[in-house]
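Notes for the structure review
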Amino acid sequence: MPEFKLVQSKKLFQGKLLNVWQDKVAYPDGREFNFEVIKHPGSVVILPVDEQGMVWLVRQYRHPVGGMFLELPAGTMEKGEVPELCAAREIQEEIGMAARHLEKIGKIYLTPGYSDEVMHVFLATGLFESKLDQDDGEFIELEKYTLAELYDQLDHGLIHDGKTAAILGMARTRLMDTE
């Protein structure tokens, strides 16, 4: 395996959620390149499926793209928080439900070309009402869909949120076998 070596790392910006670094990396052939890297504390995404087979999603405002997006519930991990606890908290905040069964089904790197964010993926079943207050600045509308409706939207390019499309693809076989 070729060896890539971090030569220098300098923080350019520190924000509430994101930090931006400039890293200099030496390649195996001796060349050096600079990269801007967004450092992120990690996140979770939850695929909540109720007893009737309905998938709970949120439609929320996303300022960088200027509109409302249909998404699976998700959120950023707090410092020192384990992914399972974050997932349990996020579905309570975003859809007002808790899960009797929370199963980790994988992880994805959202944008490995410029960020180290790892997103832990959970399937939530056995849903029951249990609300927590939403985070400040969130404007969320709840929507529920059958698996057939969601996969029809996915297959026709109507789901534009990358994590939602990826997770639906990742879980397709598992979910369709339970129908």
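About the criteria used
- Residues numbered from 1 in each chain as written.
- Predicted model: local features only at pLDDT ≥ 70, side-chain atom pairs only at ≥ 80, totals over all residues.
- Heavy atoms only, no water.
- Helix = DSSP H or I, 4+ residues; strand = E, 2+ residues; numbered from the N terminus.
- Buried < 20%, exposed > 50% of the residue type's maximum accessible area, 1.4 Å probe, protein only.
- Lys, Arg positive; Asp, Glu negative; His and termini not counted.
- Salt bridge = Lys/Arg side-chain N within 4 Å of Asp/Glu carboxyl O.
- Polar contact = N/O pair within 3.5 Å; in protein donor to acceptor, adjacent residues only side chain to side chain.
- Contact = heavy atoms within 4.5 Å.
- Pairing = 2+ DSSP bridges.
- Axes fitted to C-alpha atoms, helices over the stretch in contact; angles between N-to-C directions.
- Phe/Tyr/Trp six-rings, centres within 6.5 Å; stacked < 30°, edge-to-face > 60°.
- Lys NZ or Arg CZ within 6 Å of the ring centre and 35° of its normal.
- pLDDT = per-residue confidence, 0-100.

The next point concerns the side chain of Glu94. By the secondary structure assignment, Glu94 is in helix α1 (residues 83–95). Despite its burial, Glu94 remains without a salt bridge, the nearest opposite charge being carried by Arg62 at 5.9 Å. A polar contact is formed between the side chain of Glu94 and the backbone nitrogen of Ala74, at a distance of 3.2 Å. Ignoring any residue separated from it by four or fewer positions in sequence, one finds Glu94 in contact with Val58, Gln60, Pro73, Ala74, Gln134, Glu138, Ile140 and Leu142.

This part takes up the sheet that holds strand β1 (residues 5–14). The sheet built from three strands is open, its strands ordered β1-β2-β3 with antiparallel pairing. The open sheet has two edge strands, β1 and β3 (32–39), and neither has a second partner. Looking at each pair of strands side by side, their axes are set apart by 20° on average, direction ignored. Alignment of strand β2 (residues 19–26) against β3, held across eight bridges, turns out to be antiparallel. Bridging from a neighbouring strand, Lys24 pairs with Asn34 of β3.

Locating Gly30 in the fold gives a position in the loop between β2 and β3. The exposure class assigned to Gly30 is exposed, which follows from its relative accessible area of 56%. Taking the C-alpha atoms as reference points, Gly30 and Phe4, 26 residues apart in sequence, are found 9.4 Å from one another.

The next subject is the packing of aromatic side chains. Tallied over the full model, the rule gives two aromatic pairs. Considering the side-chain rings of Phe4 and Tyr27, the 4.9 Å spacing of their centres and the 85° angle between planes classify their relative orientation as edge-to-face. On the criterion of sequence distance, the pair formed by Phe4 in the segment before β1 and Tyr27 in the loop between β2 and β3 is long-range, its members being 23 residues apart. Accessibility expressed as a relative area gives 46% for Phe4, which makes it partly exposed. By relative accessible area, which is 26% here, Tyr27 ends up partly exposed. Aromatic ring contacts, followed pair by pair, group Phe4, Tyr27 and Phe33 into a single cluster. The residue whose ring lies beneath Lys39 is Trp21, and the NZ or CZ to ring-centre distance is 5.5 Å.

Attention now goes to the confidence of the model for the chain. In the predicted model, the chain carries a mean pLDDT of 93, and 98% of its residues have values of at least 70. When pLDDT is averaged over each element of the chain, strand β4 (residues 43–48) comes out on top at 98 and helix α3 (residues 162–178) at the bottom at 86.

With that settled, the discussion passes to the sheet that holds strand β7 (residues 74–76). Taken together, the four strands give an open sheet; going across it, the order is β7-β4-β9-β8, and neighbouring strands pair in mixed fashion. Sheet topology places β7 and β8 (97–109) at the edges, where each strand pairs with a single neighbour. On average, adjacent strands in this sheet sit at an angle of 25° to one another, irrespective of strand direction. Direction of pairing for β4 relative to β7: antiparallel, over a ladder of three bridges. Residue Val45 lies in a different strand from β7, and its bridge partner there is Ala74.

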